[in-house]
Amino acid sequence: MNNAVNNGVWSGTWVAQRLGVELEGDDTLKDLLGLALRRNPKRAHLLVSHVLGKHIPQSPTVVYGHGFTLGRQVRELLGADEAARAVVLGYAETATGLGHSVADGVGSAPYLHSTRRPVPGVAPAGGFEESHSHATSHLLLPEDPTLLLGDGPLVLVDDEFSTGNTVLNTIRDLHERYPRRRYVVVALVDMRSPQDTRRLEAFAREIGARVDLVAAASGTVTLPDGVLDKGQALVAQHEQPHTPALAEHRPAAVRRVDLHWPHGLPDGGRHGFTQAHRIRLENALPAMAARLAEALPEDARRVHVLGFEELMYAPLRLARELEQITDAEIRYSTTTRSPVLAVDDPGYAIRTRLVFPAHDNPADGPGDRYAYNVAGSGFDTVVAVVDSAADTPELHAPDGLLAQLRAHTAQVLLVVVPSYAPERPSMLPEPLRGPAFSSYAPEEVGWLLQDLSDVTLEAPTEEREEAIQSGGAHYAESLPVEYQPSEQYQQLFQTALEESAARLAQAVGAVTEVVLAERSPRPVLVSLARAGTPVGILMRRWAQHRHGLDLPHYAVSIVRGRGIDANALRWLAAHHDPSDVVFVDGWTGKGAITRELTAAIEEFEATEDITGFDPEIAVLADPGSCVRTYGTREDYLIPSACLNSTVSGLISRTVLRADLVGPNDFHGAKFYRELAGADVSVAFLDAVAARFTEVSDAVDALAKELLSADRTPTWEGWAAVERISEEFGIHDVNLVKPGVGETTRVLLRRVPWKILARAGAGADLDHVRLLAEQRGVPVEEVAELPYTCVGLIHPKYTRGATGADGKAVNA
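If you're wondering where the values come from, they're calculated on a predicted model, not measured in any experiment.

Glancing now at the overall build of the protein chain. What the protein chain contains, in helices and strands, is 22 helices and 35 strands. The C-alpha atoms of the protein chain give a radius of gyration of 30 Å, which matches the 28 Å a tight globule of 811 residues would have. Dimensions of the protein chain along its principal axes, counting C-alpha atoms only, are 95 × 55 × 55 Å. Every one of the 811 residues in the protein chain was classed for burial, and the buried ones make up 59%. Look at the contacts in the protein chain between residues 6 or more apart in sequence, and 77% of them connect residues 24 or more apart. Accessible surface for the protein chain amounts to roughly 30,800 Å². Of this, 49% is attributable to carbon and sulfur atoms. Of note, the protein chain has its 76 positive side-chain charges centred 3 Å away from the centre of its 108 negative side-chain charges.

Shown next as structure tokens:
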């Protein structure tokens, strides 16, 4: 179906017969090209390449070979010395992979491709317009600002050279900024008219530079009068209404494959790709392809590797490597922004079309995206390769790309390549914000974290517990597998939220009023990720609701035994007065994090020329009597403690591991975009905030009472934990987790031994009892208990269990 000739019929026949379009030129031209109609008011027809790997699935060896061969021709044209001084520039989105392949053929030339994706913090080094395209603005965003300097040849690569307007616009823009003596234009096909050829020659004389052309084939397209109107009429006649092919009833789920993409290696040429990058990629490709091959079903016979818009080269190289090591037939193409009519006819180049929403939060707003000739091609497995910026809830939505693919193949594998962002040494990055990181609105919270979403960090609970208690690993070096709540458990959460929303709203209002009265009239809220984040957002909302304040709010990482993220403190000090910073958490247990923060701030101020941070934490609930600033000291269910990431903006617990977090990096966390369907983060916030007005009077009374009361911490919770630790023979306070919130965490993330419940505790423990039943953990009622409940972690792994630093204590 996807060859240049189908049953003896050229794939441009349908358009040629109906529009009178004629394609004339080299003998190989029709082997390289077919024709289709596009929904574009600027140009009716589309030249569809059979060897580009964009619209038509093709052998990756064939696709890469055409680009590499063109690069060799450029090298021969320039000579070895000039080729060594060349820079190769490809065009987004269609020619990003072709340009990269040409650069490989040229030799050691650095490669850069234009992009339609602005990147914060990267200043454009140039830009130009593509007049006939549906999306015209191209940006040049090299990480190295000197990449385009020098007078070596500039090699410009596009899939086709039709009128020459795009090349003229590019050279005109760049020649003014970075003048040079020689340009080489490379394309798979040169389809210019004689008039267009003369225009380029005149332009070269005008700027005083040499412009050469290298193409695999050449010819001309003859267009009859009125072709644009005829083409649009044909599109209107044959366009079928789009009905998404939902795959929700297919049994097979999308499987992720972690390739272990080399840290810091660019995913393509958006910011430049150097010879050093090329060597790293070549060395890593065999192992990455082997991991992908291992993930293929044993009976896979026809496999399609599908790239993503500008991300063409990485999936192409993976597909080519896969083709060398597997017996399956491998084909390659990518998704595209270009709207093209699909007609199921052997004489038409685009036989089928999948339509899905954009899933990379594009700068020009949402819109449809397309994958052509994938449906109906008999692929038993499709490997979708996207960059991390495109691994969003939209990708996983019921009408998203993955669902569309699942409707047409037995197995879908998802490979996410980290989106490369240029490093800015000596400058900490700006906070991560939703929707790129977390499901919260961008103004609600800025995360002073780095995104580790593409790193596999999850480990089975028992394996993690053994590693932690044996001293083999710190708890912050891995993540527990995210708990997926049952329908019954989710209903418990909803019930708890409905019953406690007003009580929560009152506590939020009270603690916020205390902060405003005692700490700062315009505090900077800094939540301890992740449990503190929903509380920080609610406090910010209360300040806005009641006082019209727009308070800054950030989330930072603190790790028991390792302290608070010092780089986050440096960033805060550079942007705000440290004396205005108020640290926020959800609740206190025995007070370990309270003590941790105090020690960490003391150490930070002793080693840095920065002072003024107050380590006193503001919490919603302080059942352990560990802090002065709280909304309540009752130990009741805070519904956000019931769940993990799905009530915390889809963000994981924070991670601190030496091979991932360098001395100048923020701590890390993952954004679980794939859990968007179960996300209740914003719904939780809205439910509590909706009760603000009705609790206003109660908040005023409670805040007045708190401000006049003696709130000195008694640390009675810590004393109770020490007593329980000895009574039950555990001999380690870190295995005793007091309070409803901490007990819930034990059941969700650790290996629980038993649950102690205060006699007569009611609905606040319904979810604890359900979780305990699901995990086979006994619940013992205790008459005298200062908390509503206490969770005990199983102390079976070592005699000493774990100490205050999170590692084992040797007996």
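Along the chain, the position of Glu160 falls in strand β10 (residues 154-161). The spacing of Glu160 and Val782 is 622 residues in sequence and 78 Å in space, taken between C-alpha atoms. With residues up to four places along the chain from it excluded, the contact list for Glu160 reads Arg43, Leu47, Ala187 and Val189.

Okay, the packing of aromatic side chains next. Between two aromatic rings, the relevant description is the distance of the centres plus the angle of the planes. Scanning the model with the defined rule gives 11 aromatic pairs in all. Summarising the aromatic geometry, the rings of Trp14 and Tyr348 are spaced 5.2 Å apart at their centres and angled 80° between planes, so their arrangement reads as edge-to-face. One end of the pair, Trp14, is in helix α1 (residues 13-19); the other, Tyr348, is in the loop between β15 (329-334) and β16 (353-357), with 334 residues separating them in the sequence. You'll find Trp14 and Tyr348 in the same group, each marked buried. A centroid spacing of 5.0 Å and a plane angle of 80° characterise the contact between Trp542 and Phe692, whose relative ring orientation is edge-to-face. With Trp542 in helix α15 (residues 532-547) and Phe692 in the loop between α18 (681-689) and α19 (696-708), this pair connects stretches of sequence that are 150 residues apart. Neither residue differs from the other here; Trp542 and Phe692 are each classed as buried. By the ring-pair criterion, three or more aromatic residues cluster together here, those being Phe437, Tyr440, Trp447 and Phe671.

Relative to the helices and strands, Thr594 resides in helix α17 (residues 592-607). Here Thr594 falls in the buried class, since its relative accessible area comes to 11%. Beyond its immediate sequence surroundings of up to four residues, Thr594 is in contact with Thr588, Ile617, Cys626, Val627 and Trp715.

Below, the discussion takes up the pairing of strand β6 (residues 87-90). Put simply, side chains in a regular strand alternate between the two faces of the sheet. Residues Val87 and Leu89 line one face of β6 and the alternating positions Val88 and Gly90 line the opposite face, and both faces are buried. The sheet contact formed by β6 and β10 spans 4 bridges and is parallel. Within β10, the position partnered with Gly90 by the bridge is Val157. Relative to strand β7 (residues 111-113), β6 runs parallel, the two sharing 3 bridges. Within β7, the position partnered with Gly90 by the bridge is His113. This β-α-β element, β6 to helix α5 (residues 96-106) to β7, shows right-handed connectivity.

What follows is about the pattern of salt bridges. Per the stated rule, a full pass over the model turns up 33 salt bridges. Here Asp686 and Arg541 are joined by a salt bridge, their closest N and O atoms 2.8 Å apart. In this pair, Asp686 is assigned in helix α18 and Arg541 in helix α15, connecting sequence segments 145 residues apart. Among the ionic pairs, Arg691 bridges to Glu694, the shortest N-O distance being 2.9 Å. Judged by relative accessible area, which is 25%, Arg691 ranks as partly exposed. One network of salt bridges, with partners in common, ties together Glu82, Arg85, Asp151 and Arg181.

To continue, consider α19. With 13 residues, α19 should reach 18 Å at 1.5 Å per residue; the first-to-last C-alpha distance of 19 Å fits that figure. Every buried residue belonging to α19 is among Ser696, Val699, Leu702, Ala703 and Leu706, and all of these are buried. On an axial view of α19, the arc spanned by its buried residues comes to 120°, and they lie on one face. Residues of α19 that are exposed and angled more than 90 degrees away from the buried face: Asp697, Lys704, Glu705 and Ser708. For α19, the elements touching its buried residues are α14 (487-518), α15 and β30 (629-632).

Another aspect to go through is the packing of α15 against α19. Here α15 crosses α19 at 105°, and the two axes come no closer than 13 Å. The angle between α15 and α19 falls in the class roughly perpendicular. For the pair α15 and α19, contact is made by Trp542, His545 and Arg546 and by Ser696, Val699 and Asp700, respectively. Taken together, the residues of the contact of α15 with α19 break down into 2 nonpolar, 2 polar and 2 charged.

Omega for the bond connecting Ala92 with Glu93 falls within 30 degrees of zero, at -5°, which places this linkage in the cis form. Inspection of the secondary structure assignment puts Glu93 in the loop between β6 and α5. Pro435 follows Gly434 through a cis peptide bond whose omega is 0°. The residue Pro435 is located in the loop between β19 (411-417) and β20 (446-447) in this model. Phi is positive for Asn361, which is not a glycine, with a value near 45°.

Extensive coverage of strand β14 (residues 302-307) is indicated by the burial of 5 of its 6 residues. Two elements, β14 and β15, share 6 bridges in a ladder whose sense is parallel. Of the residues in β15, the one forming a bridge with Gly307 is Thr334. Taken together, β14, helix α10 (residues 313-325) and β15 constitute a β-α-β crossover, and its handedness is right-handed. The pairing of β14 with strand β18 (residues 381-387) spans 4 bridges and is classified as parallel. Within β18, the position partnered with His304 by the bridge is Val382.

The rules behind each value
- Residues numbered from 1 in each chain as written.
- Predicted model: local features only at pLDDT ≥ 70, side-chain atom pairs only at ≥ 80, totals over all residues.
- Heavy atoms only, no water.
- Helix = DSSP H or I, 4+ residues; strand = E, 2+ residues; numbered from the N terminus.
- Rg over C-alpha atoms; globule rule 2.2 N^0.38 Å.
- Buried < 20%, exposed > 50% of the residue type's maximum accessible area, 1.4 Å probe, protein only.
- Contact = heavy atoms within 4.5 Å.
- Areas by Shrake-Rupley, 256 points an atom, 1.4 Å probe, with all protein chains shown as cover.
- Lys, Arg positive; Asp, Glu negative; His and termini not counted.
- Charge placed at Lys NZ, Arg CZ, Asp CG, Glu CD.
- Phe/Tyr/Trp six-rings, centres within 6.5 Å; stacked < 30°, edge-to-face > 60°.
- Pairing = 2+ DSSP bridges.
- Right-handed = clockwise from strand over helix to strand, strands pointing away.
- Salt bridge = Lys/Arg side-chain N within 4 Å of Asp/Glu carboxyl O.
- Expected span 1.5 Å × (residues − 1).
- Arc of directions from axis to C-beta.
- Axes fitted to C-alpha atoms, helices over the stretch in contact; angles between N-to-C directions.
- Parallel < 35°, antiparallel > 145°, perpendicular 65-115°, else oblique.
- Nonpolar A, V, L, I, M, F, W, Y, C, P; charged D, E, K, R; others polar.

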